[in-house]
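Fold and contact review
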Amino acid sequence: METLPDAVSTDKWGKDTEKQMNEQSWSMENRLDDIPWEHNRFRELLEKYSQIPEDQVTAEIHKIRDKAWDVAKYPCIGSFTYVRLLEFEDDYWEMKEVIERLKAPGSQETFLEVGGFIFQTIRRLVFEGVDSARLYGTDLHAEFVELGYEQFRDRDTIQATFVAGDMLLNEEEYAVSALPRTLNGKVSIVHASNFFHLFSWETQLVICERIVQFFRRDSGAKGPAVIFGSHLGSITPGKTDLFSAFLHDEATFQALWDEVGRKTGTRWNVSVKIFSWKPPRINVFGKDARAMRFVVTESAVENKA
């Protein structure tokens with residue numbers, strides 16, 4: 001498996017790099033006072049799942065956002081983009097297929113959200129009728145796990161497994177950390193949004209190899225291993241000036257997963273859909289950045305014998 005030698009400048013994400021991000025002048029520019037997005041699905045979740053009175057919902061969203069902003073100043077937190085729950089829109093067929101797999105009679109399929117923030121996606125899945133005991137979530141910050149419980153008021157009812165941890169620890173530290181102990185061999189489906197665009201090619205490679213280890217290899221997983229989500233890509237893919245982050249198009253994302261496959265003895269097919277040919281409204285990566293949806297599906301390795 002790929003390692004993180006000290007000689008490689010990976011800007012070890014994350015809390016050291018987050019500190020640099022928090023000091024950037026554009027951080028405060030992305031902290032909005034009002035929610036600019038349609039967020040009816042999130043409101044419905046708080047009103048019907050969390051039983052928060054309708055006239056208190058907006059204040060509760062702001063309260064948790066402000067606490068999260070004090071932990072890490074990600075643009076998606078400051079600008080409330082997480083409340084949109086875009087994966088549950090009618091034309092998002094990827095999530096529809098995932099819900100079908102998770103809710104199928106007798107299903108043992110399991111779902112992991114990587115970089116899940118307050119795990120609003122997991123709460124929406126529970127609201128949609130998915131068994132919470134088969135849901136997993138991870139984030140760098142344990143504070144975000146706690147803020148999820150506070151936002152959704154379900155600490156005593158939800159059975160999902162949440163684990164905080166750094167996916168870029170060196171091999172020795174990572175091997176004894178909570179992430180592999182909790183997740184290796186446990187997951188059928190992985191969701192990762194607003195995630196890969198934070199990292200360099202080298203660190204993406206490490207993360208993807210470790211995600212591959214999360215997948216189940218038993219009979220409980222009836223469908224193929226799948227990673228899906230959305231992130232900022234680019235019509236001119238490559239390394240950016242911001243933390244050496246690498247933005248992809250379909251060809252470069254496939255190339256990344258081809259390399260992952262060579263290193264792990266697996267094989268992956270990538271598909272990408274561009275949301276819009278206009279730069280996203282909240283964007284720190286320049287005029288060529290584009291919001292993209294992706295699906296990465298495992299396929300059978302050819303037997304060359």
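Nothing here was measured: the structure is a model prediction, and the numbers come from that model.

1. Comments concerning the layout of surface pockets
- Reported here for the second largest pocket is a volume of approximately 200 Å³.
- Breaking the lining of the second largest pocket down by element, the ones donating at least two residues are helix 6 (93–103), strand 5 (226–234), strand 8 (268–274) and strand 9 (289–298).
- If you tally residues by element for the lining of the second largest pocket, the top one is helix 6, at five residues.
- The residue inventory of the lining of the second largest pocket, partitioned by class, reads eight nonpolar, three polar and three charged.

2. Side note on the confidence of the model for the protein
- Mean pLDDT for the protein: 89, with 87% of residues reaching 70 or above.
- Overall, residues 1–11 carries pLDDT values under 50, and its contacts beyond four positions in sequence, including any with other chains, amount to 23 contacts.

3. Some details on the packing of helix 11 (residues 201–214) against helix 12 (residues 250–264)
- In contact at an axis separation of 10 Å, helix 11 and helix 12 are set at 55 degrees when each is read in the N-to-C sense. Here helix 11 lies oblique to helix 12, going by the angle between them. At the point where helix 11 passes helix 12, the crossing takes the right-handed sense. Here Trp-201, Gln-204, Leu-205, Cys-208, Glu-209, Val-212 and Gln-213 of helix 11 lie close against helix 12, whose contacting residues are Thr-252, Ala-255, Leu-256, Trp-257, Glu-259, Val-260, Lys-263 and Thr-264.
- Along the lines of polarity and charge, the residues of the contact of helix 11 with helix 12 split into eight nonpolar, four polar and three charged.

4. Overview of the sheet that holds strand 1 (residues 111–114)
- In space, the seven strands of this open sheet follow the order 3-2-1-4-5-9-8, with mixed pairing throughout. Strands with a single pairing partner mark the edges of an open sheet, and in this sheet they are strand 3 (161–164) and strand 8. Within this sheet the neighbouring strands show an average axis-to-axis angle of 20 degrees, counted without direction.
- Taken together, the four bridges between strand 1 and strand 2 (residues 135–139) define a ladder with parallel strand orientation. Paired with Val-114 across the strands is Thr-138, a residue of strand 2.
- Helix-sheet contacts for helix 12 involve strand 5, strand 8 and strand 9, and the interaxial angle to strand 8 is about 160 degrees.

5. A short note on unusual backbone geometry
- The phi torsion at Phe-80 lies on the positive side, around 65 degrees, for a residue other than glycine.
- Locating Phe-80 in the fold gives a position in the loop between helix 5 (75–78) and helix 6.
- Its identity as a non-glycine residue notwithstanding, Arg-153 has a phi of 55 degrees, on the positive side.
- In this fold, Arg-153 is placed in the loop between helix 8 (142–152) and strand 3.

6. A few points about the pairing of strand 5
- For strand 5, a buried count of nine out of nine residues is recorded, marking the element as mostly surrounded by other parts of the structure.
- Where burial is concerned, the two faces of strand 5 agree: the one with Val-226, Phe-228, Ser-230, Leu-232 and Ser-234 and the one with Ile-227, Gly-229, His-231 and Gly-233 are both buried.
- Judged from the three bridges that link them, strand 4 (residues 189–191) and strand 5 form a sheet pairing that is parallel. Bridge pairing links His-191 to Phe-228 in strand 5.
- Bridge count between strand 5 and strand 9: nine bridges; the pairing is antiparallel. Paired with Gly-229 across the bridge in strand 9 is Phe-294.

7. Section: the environment of Leu-232
- Within the element layout of this structure, Leu-232 appears in strand 5.
- A residue is classified by how much of its surface remains accessible, and Leu-232, at 12% relative accessible area, is buried.
- Once the C-alpha coordinates of Leu-232 and Met-292 are considered, the two residues, 60 residues apart in sequence, prove to be 5.9 Å apart.

8. What to know about the pattern of salt bridges
- With the rule as written, the count across this model stands at 20 salt bridges.
- Across the pair Arg-31 and Asp-33 runs a salt bridge, and its minimum N-O distance is 3.8 Å.
- For Asp-33, a relative accessible area of 58% gives the class exposed.
- We note a salt bridge from Arg-41 to Glu-89, for which the minimum N-O separation is 3.7 Å. Here Arg-41 is found in helix 3 (residues 40–49), whereas its partner Glu-89 is found in the loop between helix 5 and helix 6, with 48 residues between them in sequence.
- Judged by relative accessible area, Arg-41 falls into the buried class, the value being 17%.

9. So, the packing of helix 3 against helix 7 (residues 120–127)
- Their axes nearest at 11 Å, the elements helix 3 and helix 7 cross at an angle of 60 degrees. When the axes of helix 3 and helix 7 are compared, the crossing they make is left-handed. Note on element contacts: helix 7 touches helix 3 through Gln-120, Arg-123, Arg-124, Val-126 and Phe-127, opposite Arg-41, Phe-42, Glu-44, Leu-45, Lys-48 and Tyr-49.
- Its residues placed into classes, the contact of helix 3 with helix 7 shows five nonpolar, one polar and five charged.

Definitions and cut-offs
- Within every chain, residues take consecutive numbers counted from 1 along the sequence as written.
- Local features in this predicted model are restricted to residues whose pLDDT is 70 or higher, and side-chain atom pairs enter the listing and the counts only when it is 80 or higher, whereas totals over whole chains, interfaces and linings include all residues.
- As a convention, hydrogens and water are excluded, and side-chain values are obtained from all of the structure's heavy atoms.
- Cavities and pockets were defined on a 1 Å grid built from protein atoms only: a cavity is a group of points that admits a 1.4 Å probe but offers it no way out, a pocket is an open group of points flanked by protein on both sides within 12 Å along at least five of seven lines, and a lining residue is one with an atom within 4 Å of any such point.
- Grid points are joined across faces, edges and corners, and a volume is the space filled by probe spheres set on the points.
- Secondary structure counts use DSSP, requiring at least four H or I residues in a row for a helix and at least two E residues in a row for a strand, with both numbered from the N terminus.
- As a working rule, the residues Ala, Val, Leu, Ile, Met, Phe, Trp, Tyr, Cys and Pro are called nonpolar, Asp, Glu, Lys and Arg charged, and the rest polar, with Gly in that last group.
- Confidence scores labelled pLDDT are given residue by residue by the predictor and lie between 0 and 100.
- Whether two residues touch is decided by their heavy atoms; if any such pair falls within 4.5 Å, the residues are in contact.
- Axis angles are defined between N-to-C directions and span 0 to 180 degrees, where every axis is a line fitted to C-alpha atoms and, for a helix, only to the segment in contact.
- Should an angle fall under 35 degrees it is taken as roughly parallel, and over 145 as roughly antiparallel, whereas 65 to 115 is taken as roughly perpendicular and any remaining angle as oblique.
- With the far helix as reference, a near helix turned anticlockwise by less than a right angle produces a left-handed crossing, and one turned clockwise produces a right-handed crossing.
- Note on pairing: DSSP must find at least two bridges between two strands before they are called paired.
- Partly exposed residues are those whose accessible area sits between 20% and 50% of the maximum for their type, while under 20% is buried and over 50% is exposed, using a 1.4 Å probe and protein chains only.
- Any carboxyl oxygen of Asp or Glu that lies within 4 Å of a side-chain nitrogen of Lys or Arg is treated as forming a salt bridge with it.

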